[in-house]
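Structural features, examined
Okay, here's what each chain looks like letter by letter:
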Amino acid sequence: MRLRRFALLVGFVPLVTACPPPDPGTTTTTSAPSSTTTTSSTTSTTSTSTSTTTSTTTSTTSTSTTSTTTTTVPSGPINRQNRASVQSAYNNRLVPALAVPTGWTGSVAGCNAGTTSAAHQTATLDTVNFFREFVGLTNVSFNATYSAKAQQAALMMQANNQLSHNPPTSWTCYTADGATAAGSSNIALGTNNGPNAVRLYMIDPGSGNTAAGHRRWVLDPTRLTMGSGTTGNANDLWVFGATQPLPASPATVAWPADGFFPVELEPQGRWSLSIPNADFSAAAITVTDNLGTNYPITKQPVANGYGQNTVVWQVGNLTYGDGQGDRNFTVTVSGITGWTSTSYSYVVKMFDAA
């Protein structure tokens, strides 16, 4: 499988983000757009790392439905079938992590990559693991070597005020280690700390990020180790670390996930479903809510290689938000091939968790 990278440009606080290229499944590391690494591309919106292309398509087909359902931060289970469990995890884990300052000791002057505080690095790791645990995945740890190189990459992005998975040697504050990290990572520019960069990767907004590659690397079931470097306004999240064999569970990874889901984490209508080895080329998606609304769907071009095979779609006319009570969204993806079922349905129980 060919690896691909992509970049993302953001409008306000986060200026840009880019993610590494597609990965061949369960292989381990490296940087650069080849068949075993990742890289990123360019373009617009608020996630992290680079972005890809943004054309839209719709699909057809349907059939019968089946429903399915070295610094590790200890964390309790998030039970998505329990509203209180989800609300507690959101308010007591994610919200505090997002507020932790970087404590960055470096500076662009003199090309000093510096470090961030231990509390900030822990908060960044806990943010990654919050999202992974939310969908039932195993936690990852941060590797100190990856993080040190990622720190140099973040400095390069800030110093040059742009993102690249292949930074030229002419860049201000260029280092070979930083360039290696840039090609192995999700990268973001314009964020105020690592946890908010991770949250941006999960949104993966913008016309250049229709593959939701940043999100897919964060939620790839095979990842075991990552790394992170953060400066005053840039982040590098190394995602090409050690891997494990694909676990049997969970069989699917959806975002938003089924069960209770904080509306605060709704990714601006960019929803996705990942199933290892599934073929979504002929898939069709429907999204309805408990009020009887049938939402218009734009299916994005299928782009395999960013973690597991995934279909991404844009939910149109999605005006639901904070303060509007609970809303249940029923999602059905049909026309799936290469999997145990041709159709998959689940319910997202959106609620205001704040």
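Below you will find a few notes about this structure. Quick caveat: nothing in here was measured; it's all calculated off a predicted structure.

It is worth spelling out the overall build of the chain at this point. Each helix and strand counted, the chain has 6 helices and 15 strands in total. Expressed as a percentage of the 354 residues in the chain, the buried residues total 59%. Entry remark: accessible area of the chain is about 12400 Å², with carbon and sulfur atoms responsible for 53%.

Taken as a whole and assessed by the stated rule, the structure comprises 1 disulfide. One disulfide bridge connects Cys111 with Cys173, the sulfur atoms lying 2.2 Å from each other. Handedness here is read from the sign of the S-S torsion; for Cys111 and Cys173, about -80°, the answer is left-handed. Taken together, the positions of Cys111 in the loop between α1 (83-98) and α2 (118-134) and Cys173 in the loop between α3 (144-160) and α4 (176-182) put the pair 62 residues apart, joining distant regions of the chain.

Moving on to the packing of aromatic side chains. Where two aromatic rings form a pair, the distance of their centres and the angle of their planes describe that pair. A complete count under the given rule lists 13 aromatic pairs for this structure. Centre to centre, the rings of Phe130 and Phe131 are 5.3 Å apart; their planes meet at 80°, and the pair counts as edge-to-face. Consider the rings of Phe131 and Trp255, whose centres lie 5.7 Å apart with planes at 75°: the pair is edge-to-face. Highlighted residues: Phe131 in helix α2 and Trp255 in strand β8 (residues 253-255), separated in sequence by 124 residues. Exposure class is identical for Phe131 and Trp255. Each is buried. Through a chain of ring-to-ring contacts, the aromatic side chains of Phe130, Phe131, Phe134, Trp255 and Phe261 assemble into a single cluster. Of note, Lys349 hangs over the ring of Phe260, and the distance from its end group to the ring centre comes to 5.1 Å.

Moving on to the sheet that holds strand β13 (residues 310-315). Overall, antiparallel pairing links the 4 strands, which are arranged β8-β10-β13-β12 in an open sheet. Each edge of the open sheet carries a strand with a single partner, namely β8 and β12 (297-299). Neighbour-to-neighbour, the strand axes of this sheet turn through a mean angle of 20°, independent of strand direction. Across 5 bridges, strand β10 (residues 270-274) lies against β13 in antiparallel orientation. Looking at the pairing, Arg270 lines up with Gln314 of β13.

A few words on α2. The end-to-end C-alpha distance of α2 is 24 Å, a good match for the 24 Å that 17 residues give at a rise of 1.5 Å each. Of all 17 residues in α2, 14 are buried, a share of seventy percent or more. Backbone geometry just after α2 places Gly136 at a positive phi near 90°.

Attention shifts here to the environment of Tyr90. Within the element layout of this structure, Tyr90 appears in helix α1. Other than its neighbours up to four places away in sequence, Tyr90 contacts Val95, Phe130, Arg199, Pro262, Glu264, Leu265, Ala353 and Ala354.

Thresholds applied
- Residues numbered from 1 in each chain as written.
- Predicted model: local features only at pLDDT ≥ 70, side-chain atom pairs only at ≥ 80, totals over all residues.
- Heavy atoms only, no water.
- Helix = DSSP H or I, 4+ residues; strand = E, 2+ residues; numbered from the N terminus.
- Buried < 20%, exposed > 50% of the residue type's maximum accessible area, 1.4 Å probe, protein only.
- Areas by Shrake-Rupley, 256 points an atom, 1.4 Å probe, with all protein chains shown as cover.
- Disulfide = S-S within 2.5 Å.
- Phe/Tyr/Trp six-rings, centres within 6.5 Å; stacked < 30°, edge-to-face > 60°.
- Lys NZ or Arg CZ within 6 Å of the ring centre and 35° of its normal.
- Pairing = 2+ DSSP bridges.
- Axes fitted to C-alpha atoms, helices over the stretch in contact; angles between N-to-C directions.
- Expected span 1.5 Å × (residues − 1).
- Contact = heavy atoms within 4.5 Å.

Shape is all these values report; function is a separate question.
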